[in-house]
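# Tertiary structure, described
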Amino acid sequence: MSFETLLTSDWIDKYTRTGHWKGRIITDDLDEAVRRTPDKLAIVDSHSRYTYQELKKAVDRCALGFLEMGIHAGDVVSFQLPNWNEFVIVHYAATRIGAVSNPLVPIYRDREIRFMLQLCQSKCLVIPKEFKNFNYLEMIQRLRPELPFLEHLLTIGDSPADEVESFSEFMATPWEERRDPSELIKLRPDANEVTEVIFTSGTTGEPKGVLHTHNTLMSANDPWAERLGLDDQSVIHMASTFAHQTGFLYGVRLATQLGCTGIFQDVWNAETFVEMIEQYGINMTTGATPFLHDFLNAKNWEKHDLSSFKRFNCIGAPVPRTLLRQARKKLPDAAVMGGWGQTEDALVTLGKPGDSEEKITTTDGFPWPGMEIRVVNDDSRPLPAGEQGRVQCRGPFVFVGYAKRLDKTREQFTDDGWFDTGDLAVIDADGYVSIAGRTKDIIIRGGENIPADYVENVLHENSKIDQVAVVAMPDPRLQEKACAFVMLKDQQTMSLEEAKDFLKEKGVAKQYWPERLEVVSSFPRTASGKIQKYQLREQIKEILKEERNGGV
């Protein structure tokens, strides 16, 4: 499949000239790591580990197997996998032959997966048979009649169905004896070709497939070494799902770009993370605030040596002051930094080691090297420091289009190349950015984006519901959860459990389900009739406050 993008020769010339786009692809760095340190531990997950030499052998075999399957440059390979080493192997193998990687978040269910695979016209899909008590094989078998383009389904796990291909058998096949490995050299893609289509929460009820090239992804990771003092001796950890851009860039790819070691968790557990720090000498992790909260409250701190740990990058919101002080007390030699970014533009800001408590707890960090950021008014005129406006950014990591939605892509770019992020912010006199809110309707639950419009559109299909508005309510650990305000028809009744059952029946991912339901007789509205969600957010805050104080 060929994806149409906004990428122009002027764009390529600009970032090649500035040195941000070096024409590298991730498998170049894999090959370089093998040349330098073939026996170094490359990746470790809950069930396997690979040295760089072993990883390259697995990647090349998988790539040759894909070719034997009839997968070619430009074809989409989708994979709905947990944080397993197989994720890395499949992604790198697709890269080897110029295929496009499409990571899918494990929480997605029928409704999301159907849409995403159909949009991508995926030729191959790799899934676990089961993970966290969910049977992915059964889901895909339900959907298979609607996916005529899906030629190959590879399943990881015991006893796949007769008509399903086993990934372990696929990887046990010596494809290098059936095909000439030199094919892979000839198939190395150009760095300006699309290598990733990754979905982000939509604001109109439809997820958007974000397109990145090799150059945009490689340049997004290049600043890590200098900004955070990382090198090939570092050991980095990732528990955020690989199928989010955070996990994809700073878990799957960063260790290989640095030539260091990546340690992965497929199911987050703070006590296990503490044990892993001592076992592997982990220096850094990146995740949302709940990960930091859980880590600092792990029960086994006193039993393990955590002296190797130096960096916790808290992406998605400023670090709460109490957590920062707790971290500084427990880990006086480690830096906790807040950051902000999006699927479309990777990491846009991150704090610096040595930042003051005020900067860490009230801002979302300093611009990432190479990224230009500005705040503008509704007429797209830049605003001075200290004034709130819409955030726009421009730089070498910005995506090159939404898959099959180029008109929607153009709507979010100015004529001179600034991307409108949909967020509101203030930039202070020192250049630090503070995200003040969202112009788009997204709830961020523990780092997971919940698209309110998407959930509302599904709930509107329920015959009992007349109108619905889904808004964020505060939560001490996850920061936000979803609350559904509903107006019902004809004196109907509805419970939260009933709403959840309906969403489950519709194939909506569990993490998108509202965690509270409020039945109301009317909605606060503007003069034009639009629901005033900010008033609903204030209303649920007051309800929660009264409940905490024993008023309800």
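Residues numbered from 1 in each chain as written. Predicted model: local features only at pLDDT ≥ 70, side-chain atom pairs only at ≥ 80, totals over all residues. Heavy atoms only, no water.

### Some thoughts on the sheet that holds strand β26 (residues 465-475)
Rules: Should DSSP find at least two bridges between two strands, the strands are taken to pair. Here a strand is any run of E in DSSP of at least two residues, a helix any run of H or I of at least four, and the numbering for each starts at the N terminus. For helices, the fitted axis covers only the stretch in contact; all axes are lines through C-alpha atoms, and the angles between them, taken along N-to-C directions, range from 0 to 180 degrees.
Pairing within the open sheet is mixed, and its three strands lie in the order β26-β27-β28. Whereas interior strands pair on both sides, the edge strands pair on one side only; in this sheet they are β26 and β28 (516-519). Between one strand axis and the next, the sheet turns by 25° as a mean value, whatever way the strands run. Summarising the sheet, strand β27 (residues 479-488) and β28 pair through four bridges and their orientation is parallel.

### Some words on the sheet that holds strand β17 (residues 346-350)
Pairing within the open sheet is mixed, and its nine strands lie in the order β2-β1-β13-β12-β14-β15-β16-β17-β18. Sheet topology places β2 (49-51) and β18 (366-367) at the edges, where each strand pairs with a single neighbour. By the bridge criterion, two bridges tie β17 to β18 in an arrangement that is antiparallel. Note on β18: the bridge partner recorded for threonine 349 is proline 367.

### Brief notes about the packing of aromatic side chains
Rule in force here: Stacked, edge-to-face and tilted are the three classes for Phe, Tyr and Trp ring pairs, Trp counted by its six-membered ring, which pair at centre distances within 6.5 Å; planes under 30 degrees apart are stacked, over 60 edge-to-face, the rest tilted. Partly exposed describes any residue whose relative accessible area lies between the buried limit of under 20% and the exposed limit of over 50%, with all areas from a 1.4 Å probe on protein chains only and scaled to the type maximum. Working rule: Lys NZ or Arg CZ, within 6 Å of ring centre, within 35 degrees of ring normal, means a charge sits over the ring.
With the rule as written, the count across this model stands at 28 aromatic pairs. Judged by centre distance (5.8 Å) and plane angle (25°), the rings of phenylalanine 66 and phenylalanine 170 are stacked. With phenylalanine 66 in helix α3 (residues 52-69) and phenylalanine 170 in helix α7 (residues 167-172), the pair connects residues that are 104 residues apart, well separated along the chain. Phenylalanine 170 matches phenylalanine 66 in its accessibility class, with the two residues each being buried. The structure contains a cluster of three or more aromatic residues connected by ring pairs, namely Trp268, Phe273, Phe291, Phe295, Trp301, Phe309 and Phe312. For arginine 109, the ring lying beneath its charged end belongs to phenylalanine 134, and the centroid distance is 3.6 Å. Above the plane of the ring of tryptophan 301 lies lysine 330, whose end atom (NZ or CZ) is 4.5 Å from the centre.

### Examining the side chain of threonine 241
Counted only if it meets this: Note on contacts: a residue pair is in contact if any heavy atoms of the two residues lie within 4.5 Å.
Within the secondary structure layout, threonine 241 lies in the loop between β12 (235-238) and α12 (245-258). Those residues in contact with threonine 241 that sit more than four places away from it in its chain are Asn83, Val105, Pro106, Gly247 and Phe248.

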